[in-house]
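# Observations on the model geometry
Letter by letter, the chains look like this.
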Amino acid sequence: MLSAKIGHSLDPYVIKIFRIFFLGKHINPTIITLFGFLLGLFSFLSIVFDYLKIGGIFLIVSGYFDLLDGALARNTRKVTVFGGFLDSVLDRYTDLLVISGIGIHFLRGGEISSVVATIVASIGIAIIPYAKARAQAEGLTCNTGILERPERTILLIFGLIFGLVEYIVIILAILSHITVLQRVIFVRKATQLIRVSE
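Residues numbered from 1 in each chain as written. Predicted model: local features only at pLDDT ≥ 70, side-chain atom pairs only at ≥ 80, totals over all residues. Heavy atoms only, no water.

## What to know about the side chain of His 105
Relative to the helices and strands, His 105 is located in helix α5 (residues 81-108). Within the local environment of His 105, its side chain forms a polar contact with the side chain of Asp 50, the two groups lying 2.6 Å apart. In this structure His 105 touches Ile 47, Asp 50 and Leu 52, once residues within four positions along its chain are discounted. (Helix = DSSP H or I, 4+ residues; strand = E, 2+ residues; numbered from the N terminus. Polar contact = N/O pair within 3.5 Å; in protein donor to acceptor, adjacent residues only side chain to side chain. Contact = heavy atoms within 4.5 Å.)

## So, a nonpolar patch on the surface
Among the surface-exposed residues, Phe 35, Leu 38, Phe 42, Leu 45, Phe 49, Tyr 51 and Ile 54 lie close enough to one another that they form a single nonpolar patch of about 650 Å² accessible area. Relative to the helices and strands, Phe 42 resides in helix α3 (residues 29-48). (Patch = residues over 30% accessible without salt bridge, like charges linked within 9 Å, V, L, I, M, F, W, Y side chains within 5 Å. Areas by Shrake-Rupley, 256 points an atom, 1.4 Å probe, with all protein chains shown as cover. Salt bridge = Lys/Arg side-chain N within 4 Å of Asp/Glu carboxyl O.)

## Considerations on the nonpolar core
Counting residues in each nonpolar core, the largest one holds 20 residues, and the members touching the most others are Ile 99, Ile 102, Leu 156, Leu 160, Val 165, Val 169 and Leu 172. Among the secondary structure elements, those contributing two or more residues to this core are α4 (52-75), α5, α6 (112-137), α7 (149-162) and α8 (165-197). Ranked by residue count, the leading element in this core is α8, at five residues. Judged by nonpolar contacts, the second largest core, of 10 residues, contains Ile 15, Ile 32, Leu 39 and Phe 65. (Core = buried A, V, L, I, M, F, W, Y, C linked by side-chain atoms within 4.5 Å. Buried < 20%, exposed > 50% of the residue type's maximum accessible area, 1.4 Å probe, protein only.)

## Remarks on unusual backbone geometry
Phi is positive for Asp 50, which is not a glycine, with a value near 70°. Within the secondary structure, Asp 50 sits in the loop between α3 and α4. With a phi angle near 60°, Arg 77 is a residue other than glycine that sits in the positive phi range. Locating Arg 77 in the fold gives a position in the loop between α4 and α5. Classification of Arg 77 by relative accessible area gives exposed; the value is 79%.

## Examining the pattern of salt bridges
Per the counting criterion, the structure on display carries eight salt bridges. Between Arg 108 and Asp 50 there is a salt bridge, with the nearest N and O atoms lying 3.5 Å from each other. Here Arg 108 is found in helix α5, whereas its partner Asp 50 is found in the loop between α3 and α4, with 58 residues between them in sequence. A relative accessible area of 38% means that Asp 50 is categorised as partly exposed. Among the salt bridges present, the one from Asp 91 reaches Arg 149, with a minimum N-O distance of 3.6 Å. Placement of the pair is Asp 91 in helix α5 and Arg 149 in helix α7, with a sequence separation of 58 residues.

## Let's talk about α7
An ideal rise of 1.5 Å per residue puts 20 Å on 14 residues; α7 measures up with 20 Å between its terminal C-alpha atoms. Those residues of α7 that fall on the buried side of the exposure criterion are Arg 149, Glu 151, Arg 152, Thr 153, Leu 156, Ile 157, Gly 159 and Leu 160. Looking one or two residues beyond α7, the residue adopting positive phi is Gly 163, at roughly 70°. (Expected span 1.5 Å × (residues − 1).)

## Observations regarding the packing of aromatic side chains
Pairs of aromatic rings are described using the distance from one ring centre to the other and the angle between the two planes. Per the counting criterion, the structure on display carries five aromatic pairs. Where Phe 35 meets Phe 65, the ring centres are 5.0 Å apart and the plane angle is 75°; that geometry is what we call edge-to-face. Note that Phe 35 is positioned in helix α3 and Phe 65 in helix α4, a separation of 30 residues in sequence. In this structure Phe 65 comes out as buried when scored by relative accessible area, which is 7%. Each ring, one from Phe 42 and one from Phe 58, has its centre 5.5 Å from the other, and the planes form 50°; the classification is tilted. Placement of Phe 42 in helix α3 and of Phe 58 in helix α4 is noted, with a sequence separation of 16 residues between them. Residue classification places Phe 42 among the partly exposed residues on the basis of a relative accessible area of 34%. Put simply, the rings of Phe 35, Tyr 64 and Phe 65 touch in pairs and so form one group of aromatic residues. (Phe/Tyr/Trp six-rings, centres within 6.5 Å; stacked < 30°, edge-to-face > 60°.)

What follows is the structure in structure tokens.
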């Protein structure tokens, strides 16, 4: 939802912040992608060892770098197929690392019901991008759904920083699978239209 509405409109602001802190230095977008993933890994480790707020802060900064790599690539005309591929792959790793860290945090605390909710959420989070990729393989643009990556990240950050993560994983567990269902319905309708047009 947010991705479709905002698009690349944040690019100028993201790059402006980058230039303030990095004094206009030219950094390869791939390095930015890797650094964003590293911050996601730090978020995972912080959550595992019960530093949830710090994990949330790392996730915020990781999210910024996730915006920055694409914005920088477009701004410097260094957009490549491999860069987009690597960014998507590392995004999936970050998503699943963070949610796995939350699951480990609950397991260490003996909160079994929250562990189950986290597992259910993890499955949905993994299938959402797969459903999109599978639709794209069939020539369909499938950006539909209530819970794309920006929404998931915002919810996780909110839960980690404000101590509401047990409620957030329940929301994620429900909405992630609703999103998958929305994409299944979208592809079903789209393929029916293609068949009719033929």
